[in-house]
Amino acid sequence: MKYFPAFFDLAAQPVLIVGAGEVALRKLALLEKCGARVTVVAPQVHAGIQARAAAGTLRLLTREFEPDDLERVRLAIVATSRRALNRWIAKLADRRGIPVNVVDDREASRFIVPAIVDRDPVTVAVCTAGTSPVLARRLRERLEAFFPQRFGELALWLADIRRQAVVKLRDTAARRRYFEDVIDGPAARRLIEGDRRGAERIAQQFLASTAQAPPPRGEVTLVGAGPGDPELLTLKALRALQDADVVLYDRLVSSAVLDMARRDALRICVGKAAHQPSTAQADIHALLIEHALAGRRVVRLKGGDPFVFGRGGEELQALAAAGIAFSVVPGITAAIGAAAYAGIPLTHRQHAHAVTFVTGHADEPGQEPNWAALVQPGQTVVFYMGLARIEHISRELQAHGAPASFPAALVAQATLPDQRVVNGTLATIASLAATAKLASPALLVIGEVTALSSQLGWFSNAALAAERHQIA
Ligand code: SAH
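Bear in mind the structure is a predicted one, so any value in this text is a computation, not a measurement.

Asks: Which residues make up the site of the ligand, and what are the values?
Replies: Around the ligand, the surrounding shell holds 17 residues, and the nearest of these are Asp305, Val308, Thr333, Ala334 and Ala442. A distance of 3.0 Å separates a nitrogen atom of the ligand from a polar atom in the backbone of Gly303. At 2.9 Å from an oxygen atom of the ligand is found a main-chain nitrogen or oxygen belonging to Met385. For the ligand, whose unbound accessible area comes to 540 Å², protein coverage reaches 92%. Of the residues contributing to the shell around the ligand, the split by class is twelve nonpolar, four polar and one charged. Taken together, domain 3 (219–332) and domain 4 (335–467) each give at least three residues to the shell around the ligand, which thus spans both.

Following this line, the structure appears as structure tokens:
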């Protein structure tokens, strides 16, 4: 991040604007709103600025800038029409440690002014680090539409009712829930519609019932995080993440997904990566129960879908035995995500009428899959956790009657920017995987449909493009 986002309290602070044209006027209007004590210096002055000076709201120096004008200034904005002059002034200001912005000259600026959505006291600022002013403007327009006009009033009202809530609800978690209910529910809606009395009545009733209610019971939501692309989260998963007090996540969960959780939620990694220490299943159960009993909203976040090779069932059984409330939010399992992003339709009228998800990992000897069933024609078979045993798997399938030329594909880091797809046959796929140095997590897909991926693959990215370029 190139720019540090911050909001500056400029009330009664001396601010200098050099230049007095239209742009200066716009900045001036904003600075006045913040209560800054503005001095404008310029030999020629826009009528609007003249008028403000006449009204006595600012100090106007109708002359050229002089270095001493920077004396005891908190912040400077330079907006003359002469680029070289602007840069010279900026340098002087910067040397004195005064944050300076040169209008339309990011390189000469120490700070830049964001596009804003003004719902005073709520301000939403958008910064694209100067990469695209048009993008910033578009984003601002969307945000304008998103925030009702009375959003600022809502904020002020929430500050008002806060005092009472602090007295009646001593527990901070209970208070946070109360405010979430007020903001998400009918009380805020009323206020936004202009019915302050109605809003107040609902909030009062709410407060009384929350204050009398027994301490909240914790609960666990088992959430499928999908295969990696954060945009594949369901709306319910997003909601659960944003409401969570605690998030227990597996290593497979991408950081982009984890970033969606509430900022101050406690995040606990409970491992589960091959060959690395991970939290034992019983310890995970104990943690879930402990946090839920403490009245927290716990999200148990698992890669893909929690009920597909995710031990979600076992965790729910432990919660049920402990009498803890739970719910499940399904996720897009890796096979579904990988198939879509690699262009492998799992079923196809000409090639596959059934699809099987199977684990390629045998915890104990004797837990081998039913190989004979997996080589039946007309189906697609997806092996989870199969990369480490890929040679064994392709050998067994051939030993049970599948032809060596049978199409197979590996999809690694599916749906993520570094997704890789390797196509081959049962005879070649293991060595192709080794040559390509594919890493976990990866899925092995067996079936005629895998051959379609060269035609139907659509998901490309910079890494892939570079790779292709190198090969070419
Ligand atoms: N519950 C998960 C599966 C957990 S088992 C789900 O529904 O997807 C872990 C295995 O899932 C990995 O060994 C790998 O085979 C597969 N997997 C998970 N994420 C993947 C991804 N982004 N790309 C490829 N395979 C993935």
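Asks: Mind laying out the sheet that holds strand S3 (residues 59–61), listing which residues take part and the relevant values?
Replies: Strand order across the open sheet formed by five strands is S3-S2-S1-S4-S5, with parallel pairing between neighbours. Edge strands, defined here as strands with exactly one partner in the open sheet, are S3 and strand S5 (100–102). Geometrically, the sheet is characterised by an average inter-axis angle of 15° between neighbouring strands, direction not taken into account. Note that strand S1 (residues 14–18) and strand S2 (residues 37–41) share five bridges and pair parallel. Across the sheet, the residue bridging to Ile17 is Val40, located in S2. Contacts between helix H3 (residues 83–95) and the sheet are confined to S1, strand S4 (75–78) and S5, with S5 contributing the most and set at about 170° to the helix.

Asks: So what about the domain arrangement of the chain? Which residues, and what values?
Replies: For the chain, the domain assignment lists domain 1 (14–113), domain 2 (151–212), domain 3 (219–332) and domain 4 (335–467). A separation of 64 Å is found between the C-alpha centroids of domain 1 and domain 4.

Asks: Kindly report on the sheet that holds strand S15 (residues 407–412), identifying the contributing residues and their values.
Replies: Adjacent strands of a sheet pair through backbone hydrogen bonds, lying either parallel or antiparallel. If you walk across this open sheet you meet the five strands as S13-S14-S17-S15-S16, and the pairing is mixed. Of all the strands in the sheet, the pair left with one neighbour each is strand S13 (354–359) and strand S16 (420–425). With strand direction ignored, the average angle separating the axes of adjacent strands in the sheet is 20°. Where helix H16 (residues 429–436) meets the sheet, it contacts S15, S16 and strand S17 (442–446), and its direction lies at approximately 150° from that of S16.

Asks: Tell me about the packing of aromatic side chains, residues and numbers included.
Replies: On inspection of all chains with the given rule, the structure shows eleven aromatic pairs. Taken together, a centroid distance of 5.8 Å and an interplanar angle of 85° make the contact between Phe65 and Trp88 edge-to-face. Of the two residues, Phe65 is situated in the loop between S3 and S4 and Trp88 in helix H3; the sequence distance between them amounts to 23 residues. In this structure Trp88 comes out as partly exposed when scored by relative accessible area, which is 41%. For the pair Tyr178 and Phe206, a centre-to-centre distance of 6.4 Å together with 70° between the ring planes defines the contact as edge-to-face. With Tyr178 in helix H6 (residues 172–184) and Phe206 in helix H8 (residues 196–212), this pair connects stretches of sequence that are 28 residues apart. Accessibility expressed as a relative area gives 2% for Tyr178, which makes it buried. The rings of Phe146, Phe147 and Phe151 are connected pair by pair, giving a single aromatic cluster.

Asks: Outline the packing of helix H11 (residues 281–293) against helix H12 (residues 312–321), listing residues and values.
Replies: The packing of two helices is summarised by the inter-axis angle and the distance between the axes. Between H11 and H12, the least distance of the axes is 10 Å, while the angle of their chain directions is 50°. By the angle between their axes, H11 is oblique relative to H12. Where H11 crosses over H12, the two elements pack in a sense that is right-handed. Contact with H11, carried on its side by Gln281, Ile284, His285, Leu288 and Ile289, involves Glu314, Glu315, Ala318 and Leu319 of H12 and no other residues of that element.

Calculation rules
- Residues numbered from 1 in each chain as written.
- Predicted model: local features only at pLDDT ≥ 70, side-chain atom pairs only at ≥ 80, totals over all residues.
- Heavy atoms only, no water.
- Near = heavy atom within 4 Å.
- Polar contact = N/O pair within 3.5 Å; in protein donor to acceptor, adjacent residues only side chain to side chain.
- Areas by Shrake-Rupley, 256 points an atom, 1.4 Å probe, with all protein chains shown as cover.
- Nonpolar A, V, L, I, M, F, W, Y, C, P; charged D, E, K, R; others polar.
- Domains from an automatic or database assignment.
- Pairing = 2+ DSSP bridges.
- Helix = DSSP H or I, 4+ residues; strand = E, 2+ residues; numbered from the N terminus.
- Axes fitted to C-alpha atoms, helices over the stretch in contact; angles between N-to-C directions.
- Contact = heavy atoms within 4.5 Å.
- Phe/Tyr/Trp six-rings, centres within 6.5 Å; stacked < 30°, edge-to-face > 60°.
- Buried < 20%, exposed > 50% of the residue type's maximum accessible area, 1.4 Å probe, protein only.
- Parallel < 35°, antiparallel > 145°, perpendicular 65-115°, else oblique.
- Left-handed = near helix turned anticlockwise from the far one by under 90°.

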